[in-house]
Amino acid sequence: SLQTTTGLVGLAVAENPHERLRILYTKILGVLQNIPKDAAYRKYTEQIVNERFDLVKKETDVQKLQDKLNSGQIEEVIVQAENELSLARKMIQWKPWEPLVEEPPSDQWRWPI
Amino acid sequence: TVRPKNEVEQKQLCAFGEYVAEILPKYIQQVQVTCFNELELLIHPDGIIPVLTFLRDHTNAQFKSLADLTAVDVPSRQYRFEIVYNLLSLRFNSRIRVKTYTDELTPVDSAVPVHQAANWYEREVWDMYGVFFANHPDLRRILTDYGFEGHPFRKDFPLSGYVEV
């Protein structure tokens, strides 16, 4: 972008954001391949990432891309993609798509007591 | 006068609650939306770090801010303490509550690796209720006096304490 600053503390202006987003989204999709195909997390995250990836591929102007993504500045979108990547890696360890670990005692969530 | 019911927000919160429950069935025991449009996720204690990390990092959630971390003492239950996390999403202007349970002796995973803000809140819960947080960087008393014995916010702790001042 042609800005000198993002306006946010600690976030530098990204030069070549399209490239960075392309790399991140490809990495996320690669990590998601290691999750069982029927897991809801994989389904929804693939949907989100593919949507954003298509927008990034089609739109070359940074300002218009920011408006279309409607998710704050492009640098924030990059940070969010990095977070999603780290989350996907941790999800492989935790496997949250398995059935419930343990049922609570029957009076645990009753309110009023 | 009665607060007007916001049906749209209620529906959105219900939908989001079902979305999260579908993604994390291993840890989420129950999801409820109060009549004041507050979404609550009721969690198994093993799932604190996975659920909080998911809510912080996922694109559709982005609950980056830990607003509050407290505990509730209900002595009649088997797991008497209920740990409550209140999260705020700045991107989507939305709040969510995550609740877990534990008893006096079972440690609970600390939320500090996920949210730095949890540091002093967990020290307060330890001091006032006696809930031990595993992997906390610095778990010590924060509000009670230096040699104080007991956990004041428990329901079986008398109002004016055991020691005369």
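What counts as what
Residues numbered from 1 in each chain as written. Chains lettered and ligands numbered in written order. Predicted model: local features only at pLDDT ≥ 70, side-chain atom pairs only at ≥ 80, totals over all residues. Heavy atoms only, no water. UniProt positions renumbered as here; feature names shortened; annotations may be inferred. Helix = DSSP H or I, 4+ residues; strand = E, 2+ residues; numbered from the N terminus. Salt bridge = Lys/Arg side-chain N within 4 Å of Asp/Glu carboxyl O. Buried < 20%, exposed > 50% of the residue type's maximum accessible area, 1.4 Å probe, protein only. Expected span 1.5 Å × (residues − 1). Arc of directions from axis to C-beta. Contact = heavy atoms within 4.5 Å. Pairing = 2+ DSSP bridges. Core = buried A, V, L, I, M, F, W, Y, C linked by side-chain atoms within 4.5 Å. Axes fitted to C-alpha atoms, helices over the stretch in contact; angles between N-to-C directions. Parallel < 35°, antiparallel > 145°, perpendicular 65-115°, else oblique. Left-handed = near helix turned anticlockwise from the far one by under 90°. Nonpolar A, V, L, I, M, F, W, Y, C, P; charged D, E, K, R; others polar.

Within this structure's numbering, the places UniProt gives as "domain: NADH:ubiquinone oxidoreductase 30kDa subunit" (unreviewed entry) are residues 43–162 of chain B. With 18% helix and 27% strand, residues 43–162 of chain B has end C-alpha atoms that lie 35 Å from one another.

So, about the pattern of salt bridges. As enumerated under the stated definition, the model contains 18 salt bridges over all chains in all. For Glu76(A), the salt bridge identified is with Arg91(B), shortest N-O distance 3.4 Å. Of this pair, Glu76(A) sits in helix α4 (residues 74–94) while Arg91(B) sits in the loop between β4 (81–89) and β5 (94–102), on two different chains. Close ionic contact of Lys99(B) with Glu40(B) constitutes a salt bridge, the shortest N to O distance being 3.8 Å. Of the two residues, Lys99(B) sits in strand β5 while Glu40(B) sits in strand β2 (residues 39–43), which places them 59 residues apart along the sequence. Summarising the burial analysis for this pair, Lys99(B) and Glu40(B) share the class buried. In this structure, a network of salt bridges that share partners links the residues Glu38(B), Glu40(B), Arg77(B), Glu82(B), Arg97(B) and Lys99(B).

Before going further, it helps to spend a moment on helix α1 (residues 17–32) of chain A. Residues and elements named next belong to chain A. Its 16 residues place the ends of α1 22 Å apart at the C-alpha level, agreeing with the 22 Å of an ideal helix rising 1.5 Å per residue. Here α1 has its buried residues at Pro17, His18, Leu21, Leu24, Tyr25, Ile28, Leu29, Val31 and Leu32. Taken end-on, α1 shows its buried residues confined to a sector of 160°, consistent with a single buried face. Residues of α1 that are buried in the fold lie against α2 (40–58), α3 (62–69) and α4.

Residues and elements named next belong to chain B. Two strands pair when backbone bridges link them, and strand β1 (residues 28–33) and β2 are joined in this way by 5 bridges, in the antiparallel orientation. The residue bridging valine 33 from the neighbouring strand is leucine 39, located in β2. Hairpin connection of β1 to β2: 5 residues between the antiparallel strands, including asparagine 37 at a positive phi of 65°.

Attention now moves to the nonpolar core. In this structure, Tyr25(A), Tyr41(A), Leu41(B), Phe54(B), Leu55(B) and Tyr85(B) are the most contacted members of the largest nonpolar core, which totals 67 residues. Per-element accounting of this core gives the leading share, 9 residues, to α4(A). If sequence neighbours within four positions are ignored, Phe54(B) has contacts with Tyr41(A), Leu87(A), Met91(A), Val20(B), Ile23(B), Leu24(B) and Ala61(B).

Turning next to the packing of α1(A) against α2(A). All names here are of chain A. Where α1 meets α2, the axes come as close as 10 Å, and the angle between the chain directions of the two elements is 160°. With respect to α2, the element α1 is oriented roughly antiparallel. Judged by the twist between their axes, the crossing of α1 over α2 is left-handed. Of the residues in α2, those touching α1 at His18, Leu21, Arg22, Tyr25, Thr26, Ile28, Leu29 and Leu32 are Tyr41, Arg42, Thr45, Glu46, Val49, Asn50, Arg52, Phe53 and Val56. When its residues are assigned to classes, the contact of α1 with α2 shows 9 nonpolar, 4 polar and 4 charged.

We now examine unusual backbone geometry. Of the consecutive residues Trp111(A) and Pro112(A), the connecting peptide bond is found in the cis state with omega at -5°. Among the structural elements, Pro112(A) can be located in the segment after α4. Look at Lys95(A): it is not a glycine, yet its phi comes out positive at around 50°. Tracing the sequence through the fold places Lys95(A) in the segment after α4. A relative accessible area of 34% means that Lys95(A) is categorised as partly exposed. The phi dihedral of Asn37(B) is positive, around 65°, even though this residue is not glycine. Judged by relative accessible area, which is 14%, Asn37(B) ranks as buried.

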